[in-house]
Amino acid sequence: MSNELCIEVSNVTKSYGNINALNGLTFSIACGGKFALLGPNGAGKSTTLKLLMGFLKPDRGSVRIKGLPPCSVEVRKITGYLPENAQPYRTMTVRDNLQYIAALRGVDMNQVYEIVDLLDLRKYWNYKASQLSQGNLQKLSIALAIMHKPSILLMDEPLNYLDIPTQESVISILSKISSTMLVSTHIMSVAGRLTDNVIMINKGQVVWMGTFEDIKRMGTEDEPIESIVAKLMRG
Ligand SMILES: Nc1ncnc2c1ncn2[C@@H]1O[C@H](COP(=O)(O)OP(=O)(O)OP(=O)(O)O)[C@@H](O)[C@H]1O
């Protein structure tokens, strides 16, 4: 991890009508950092990722990626985003989705074929996205999010819908990416294998930050990590 900050969230509040999703959220991630974003349902994880992508604007506070606003062209070029329940272009084939985004991002198709083979997507090349199973749709969405080897990768539940062999392939692919990573997930084994650090939020605020090693040290001998995390989330 370097000293340069890649992600800075400062005192952010965000409401949807009268629902306060984020309440003074503050954290930062140094470039190269691998962080899990944990929190109970409705804690504000997806909202945080959407703000970091510039799809939502904070009501108050600021969000910066490498010191720049998230919606700037420079930031768009270096970020990759896998939303929860991602929706590629449903009437386009797997091939057309990949070729289209590769063209927009200036990615060589050979780089795309590599990812397609790692994800075992080649046999669905001519399927429309709307014809894919949820798992294969997730694989296509992962390929679309990482094809340009983003230096900052934001993912919301990346292993949703994937069978176990594919989960292993995806973990192996993502582990080799040297991006700064922020991964929202409820699955501790996923968080622990993809990241070293944890930002825990509840009710739109950070309630705990530390490493997975810190979490393990807090538990009794043989206590499952899920049990320790549940206690931390409850406060
Ligand atoms: N588009 C929206 N309109 C209204 N309220 C919303 C909207 N999106 C999120 N919320 C509310 O904002 C709060 C935070 O939601 P968010 O989806 O960010 O939480 P989360 O931590 O990702 O939850 P989960 O783990 O259940 O996916 C919740 O109370 C949610 O109901």
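Parameters and conventions
- Residues numbered from 1 in each chain as written.
- Predicted model: local features only at pLDDT ≥ 70, side-chain atom pairs only at ≥ 80, totals over all residues.
- Heavy atoms only, no water.
- Pairing = 2+ DSSP bridges.
- Helix = DSSP H or I, 4+ residues; strand = E, 2+ residues; numbered from the N terminus.
- Axes fitted to C-alpha atoms, helices over the stretch in contact; angles between N-to-C directions.
- Salt bridge = Lys/Arg side-chain N within 4 Å of Asp/Glu carboxyl O.
- Buried < 20%, exposed > 50% of the residue type's maximum accessible area, 1.4 Å probe, protein only.
- Expected span 1.5 Å × (residues − 1).
- Arc of directions from axis to C-beta.
- Contact = heavy atoms within 4.5 Å.

### Here's the deal with the sheet that holds strand β2 (residues 19–30)
Turning to step 1, where the next piece is worked out: Pairing within the open sheet is antiparallel, and its three strands lie in the order β2-β1-β4. The open sheet is flanked by β2 and β4 (60–65), the only strands paired with a single partner. Between one strand and the next, the sheet's axes are offset by a mean angle of 20 degrees, whatever the strand orientation.

### As for the pattern of salt bridges
Turning to step 1, where the next piece is worked out: Within the structure shown, the criterion is met by eight salt bridges.
Turning to step 2, where the next piece is worked out: The salt bridge partner of R217 is D214, with a shortest N-O separation of 2.7 Å. Separated by three residues within a single helix, R217 and D214 lie in helix α8 (residues 212–218), roughly one turn from each other.
Turning to step 3, where the next piece is worked out: Residue class for R217 comes out exposed when judged on its relative accessible area of 61%.
Turning to step 4, where the next piece is worked out: For E223, the salt bridge identified is with K231, shortest N-O distance 2.6 Å.

### Some points on helix α3 (residues 94–105)
Turning to step 1, where the next piece is worked out: A rise of 1.5 Å per residue sets the reference length of α3, with its twelve residues, at 16 Å; its end C-alpha atoms lie 17 Å apart and thus fit the reference within 8%.
Turning to step 2, where the next piece is worked out: Along α3, the residues that are buried comprise V94, N97, L98, I101 and A102. The buried residues of α3 occupy an angular sector of 120 degrees when the element is viewed end-on, so they sit on one face. Exposed side of α3, more than 90 degrees from the buried face: A103 and L104 are the residues found there.
Turning to step 3, where the next piece is worked out: Each element contacted by the buried residues of α3 is listed here: α4 (109–118) and α5 (134–146).
Turning to step 4, where the next piece is worked out: Note on α3: the residue one or two positions beyond its end, G106, has a positive phi of about 70 degrees.

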